[in-house]
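Each chain is listed here by its residues.
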Amino acid sequence: GVPVSEHTAMRYITFYSCIRVRSESLAMLPLNVYRKRRSGKGRDEAYTHPLYEKIHTVPNSDMTSLTWRETMNGHLDVSGNCYSIITTNQRGQVIDIYPWPWDQVQVKRNQNTRKLEYHIYENGMKVETLPPERVLHVPGLGYDGLVGYSTVSILREYIGLGLSVNEFIQRFYGQGMNVGSVFQTEQEMKKETVDELRKQLMEKGAGLANSWLPLILHSGLKFERIPMPLTDAQTLEILRLTDEQICGLMRVPPHMVANLQRSTNNNIEHQGIEYVQYSMLPVITRFEQAMNWRLFTPEERFEGYYVKFNIDALLRGDARARAAYLNAKRQNGIINADEWRELDDENPIGGVAGTVYLVNGNMVSTETAAGQQPRQAGGDDIQPQPPQRNGGD
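Residues numbered from 1 in each chain as written. Predicted model: local features only at pLDDT ≥ 70, side-chain atom pairs only at ≥ 80, totals over all residues. Heavy atoms only, no water.

Draft legend 1. The overall build of the protein chain, seen in detail. Regarding its fold elements, the protein chain presents 13 helices and eleven strands. Within the span of the protein chain, comprising 393 residues, buried residues form 33% of the whole. For the protein chain, the share of sequence-separated contacts (at least 6 apart) that also reach a separation of at least 24 residues comes to 61%. Taken as a whole, the protein chain presents about 26100 Å² of accessible surface, with 53% of it coming from carbon and sulfur. (Helix = DSSP H or I, 4+ residues; strand = E, 2+ residues; numbered from the N terminus. Buried < 20%, exposed > 50% of the residue type's maximum accessible area, 1.4 Å probe, protein only. Contact = heavy atoms within 4.5 Å. Areas by Shrake-Rupley, 256 points an atom, 1.4 Å probe, with all protein chains shown as cover.)

Draft legend 2. Structural detail: the sheet that holds strand β2 (residues 43–45). A sheet is described by the order of its strands in space; here three strands give the open sequence β2-β1-β11, paired in antiparallel fashion. Two strands bound the open sheet, and with one partner strand each, they are β2 and β11 (305–309). Within the sheet, the average angular offset between the axes of one strand and its neighbour, ignoring direction, is 40°. Relative to β2, strand β1 (residues 31–36) runs antiparallel, the two being bridged by three bridges. (Pairing = 2+ DSSP bridges. Axes fitted to C-alpha atoms, helices over the stretch in contact; angles between N-to-C directions.)

Draft legend 3. Highlighting the packing of aromatic side chains. This model, assessed by the stated rule, comprises four aromatic pairs. The interplanar angle of 70° and the centroid separation of 6.2 Å between the aromatic rings of Tyr 83 and Tyr 118 together place this pair among those described as edge-to-face. With a gap of 35 residues between them, Tyr 83 in strand β3 (residues 81–88) and Tyr 118 in strand β6 (residues 116–122) connect regions that are remote in the sequence. Tyr 118 shares its class with Tyr 83; the two are buried. On the numbers, 6.3 Å between centres and 40° between planes, the contact of Tyr 143 with Tyr 149 is tilted. Look at Tyr 143 and you get exposed, because its relative accessible area is 66%. (Phe/Tyr/Trp six-rings, centres within 6.5 Å; stacked < 30°, edge-to-face > 60°.)

Draft legend 4. Layout of the nonpolar core. With 53 residues, the main nonpolar core has Phe 15, Val 33, Leu 51, Ile 55, Ile 159, Phe 287 and Met 291 as its most contacted residues. Considering every element that reaches this core, the biggest residue donor is helix α8 (residues 265–294), with eight residues. In this structure, Ile 55 is in contact with Leu 31, Asn 32, Val 33, Ser 65, Trp 68, Arg 69, Ile 97, Leu 295 and Val 307, ignoring residues within four places of it in sequence. Core analysis: the second largest hydrophobic core is formed by nine residues, Tyr 83, Trp 102, Tyr 118 and Val 135 among them. (Core = buried A, V, L, I, M, F, W, Y, C linked by side-chain atoms within 4.5 Å.)

Draft legend 5. Up close: the side chain of Asp 338. Within the element layout of this structure, Asp 338 appears in helix α11 (residues 337–343). Of the buried charged residues, Asp 338 lacks a salt bridge, with Arg 341 as the closest side chain of opposite charge at 5.0 Å. Side-chain polar atoms of Asp 338 contact the backbone nitrogen of Gly 350, separated by 3.3 Å. Beyond its immediate sequence surroundings of up to four residues, Asp 338 is in contact with Pro 348, Ile 349, Gly 350, Gly 354 and Thr 355. (Lys, Arg positive; Asp, Glu negative; His and termini not counted. Salt bridge = Lys/Arg side-chain N within 4 Å of Asp/Glu carboxyl O. Polar contact = N/O pair within 3.5 Å; in protein donor to acceptor, adjacent residues only side chain to side chain.)

Next comes the structure, spelled out in structure tokens:
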């Protein structure tokens, strides 16, 4: 019986917490422009590309890149779609990216050209029609691949149940008659005696300090406590079940929204890894592919330009795991000291100490192993080689 829409659903704290966790996780990741090398192996960060400043720092004059991506992902998780209007120069390069409310955009197919069009509205009034090249549209799961399902429409029953229980609790404490205890007697008592007894009970029996003091009754009074009706209604169990269902559908570990009932120090780490792999990685891939498609010209894509999130930033919270990961790359010659220091925002050492690549001493290349003389093993199969002599010695 509680109306649920994309706007009212944000009043339910668990749903809002899931949206906030996912949006902040995406927004905090470094987002850079790269260019593939001509050889096809390796890449270089394209600091001088015009798009680099837009997606990395300031996409428009009103917000930072973090705010822009946080807003976009919030729209995506609530409505199943997020939109940004792209402004380009005469060469087709992006000079401005501005998010637009999801409920102020309609995606339609032109009846004559059969191409998609984005109808842009402002305050309920249509302002312009844009081609797909002018709109960065990241859709979620949908029935036609063009527009995503509204997440709230799928979770409406669960969110409505949670809002109903919260409203019941608020009305219970705000408007209900919460009588904690009753004193019964068959004897007639004067009003003065009742008032004096109530005063003594409030002074001697109320409060935490008096919670375990003995209560002395007279005039045949019998004490009876009234149980909390919320227990009978299983309010807490309903809320807990609703929260777990919402977390499951949003693919957010319960401990990330302050639900630690089934979490331990051991499984929280694995839940965090699963959150990155199965919750955030699909969203990151959606944004990367949409940006590469709409923010670069065909010529730039042919030249090897692309955008990419640095997902390693989600592992920075676990210093031990990150150190072990980087140490393994260092010991196996994948990164050098300067590259490691750059990941930790430290200045390079320079010279051989910073640029040389190291490997473990007991590991050699296959070419080196092939050029070595075989060792004698047991003296049965391998004959020792005679020493080499010079001239007539």
